[in-house]
Amino acid sequence: LNPERSGGTPRLGYRVLIVEDNGMIRDMFAYGVHKYFKAQGNVNVDVAPDGSAAWDLLSASKYDLAIVDYYMPIVNGAQLIARIRGDQRLERLPIVAISVGGEDARKASIAAGADLFLDKPIILRELFATLDRLALHKEHATS
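Let me begin by describing the structure that accompanies this report. (Residues numbered from 1 in each chain as written. Predicted model: local features only at pLDDT ≥ 70, side-chain atom pairs only at ≥ 80, totals over all residues. Heavy atoms only, no water.)

At a minimum axis separation of 10 Å, helix α2 (residues 51–60) and helix α3 (residues 77–85) run at an interaxial angle of 20 degrees. It follows that α2 is roughly parallel to α3 by the angle criterion. As α2 packs across α3, the resulting crossing turns out to be right-handed. Taking contact as the criterion, the partners of Gly51, Ala54, Trp55 and Leu58 in α2 are, on α3, Leu80, Arg83 and Ile84. Among the residues making up the contact of α2 with α3, the classes are represented as five nonpolar, one polar and one charged. (Axes fitted to C-alpha atoms, helices over the stretch in contact; angles between N-to-C directions. Helix = DSSP H or I, 4+ residues; strand = E, 2+ residues; numbered from the N terminus. Parallel < 35°, antiparallel > 145°, perpendicular 65-115°, else oblique. Left-handed = near helix turned anticlockwise from the far one by under 90°. Contact = heavy atoms within 4.5 Å. Nonpolar A, V, L, I, M, F, W, Y, C, P; charged D, E, K, R; others polar.)

So, in structure tokens, the structure goes:
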């Protein structure tokens, strides 16, 4: 979860993409992400209501993290995650999958390439702990 990109110029802050069709859930995650990263600097959060809109944003911008719901219209979360993992430019993007779908959604999301999976409903404390785990994992991978 480092804002610096390899091969590019360092950017200030983090870019997070939230892919969720429920507006209330999107707002909650955006609030949580802003709160988590506030101490570490600036954060920019983009939201997409479905996988197709998310792909358009991912194609046009660079992100440090994607939070992807499993159940969405047009392109589901696992399909989007697999597409991300299949794109050389995006394959290392940390992805947190979320869903109310239980074990089936968890298995499909992880099989598609999600780094972590969280069951809804999610308490912000769980989101923060997940972001901490991703940061720790990234530190170990780069050391």
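A positive phi angle is found at Ile74, which is not glycine, with a value near 70 degrees. Structurally, Ile74 can be placed in the loop between β3 (65–69) and α3.

This paragraph deals with the sheet that holds strand β2 (residues 43–48). With respect to topology, five strands assemble into an open sheet ordered β2-β1-β3-β4-β5, the strand pairing being parallel. The open sheet has two free edges, formed respectively by β2 and β5 (116–119), since each of these has just one partner strand. Across the sheet, the axes of successive neighbouring strands diverge by a mean angle of 20 degrees, strand direction being ignored. Sheet topology places β3 next to strand β4 (residues 95–99); four bridges connect them, and they run parallel. Within β4, the position partnered with Val68 by the bridge is Ala97. Taken strand by strand, helix α4 (residues 102–112) contacts β4 and β5, and its axis lies near 160 degrees from that of β5. (Pairing = 2+ DSSP bridges.)

It is worth spelling out the side chain of Asp69 at this point. Tracing the backbone shows Asp69 in strand β3. A polar contact of 3.2 Å, which involves the side chain of Asp69, links it to the side chain of Lys120. Once you skip the residues sitting within four places of it in the chain, Asp69 turns out to touch Val19, Glu20, Asp21, Gly77, Ile98, Ser99 and Lys120. (Polar contact = N/O pair within 3.5 Å; in protein donor to acceptor, adjacent residues only side chain to side chain.)

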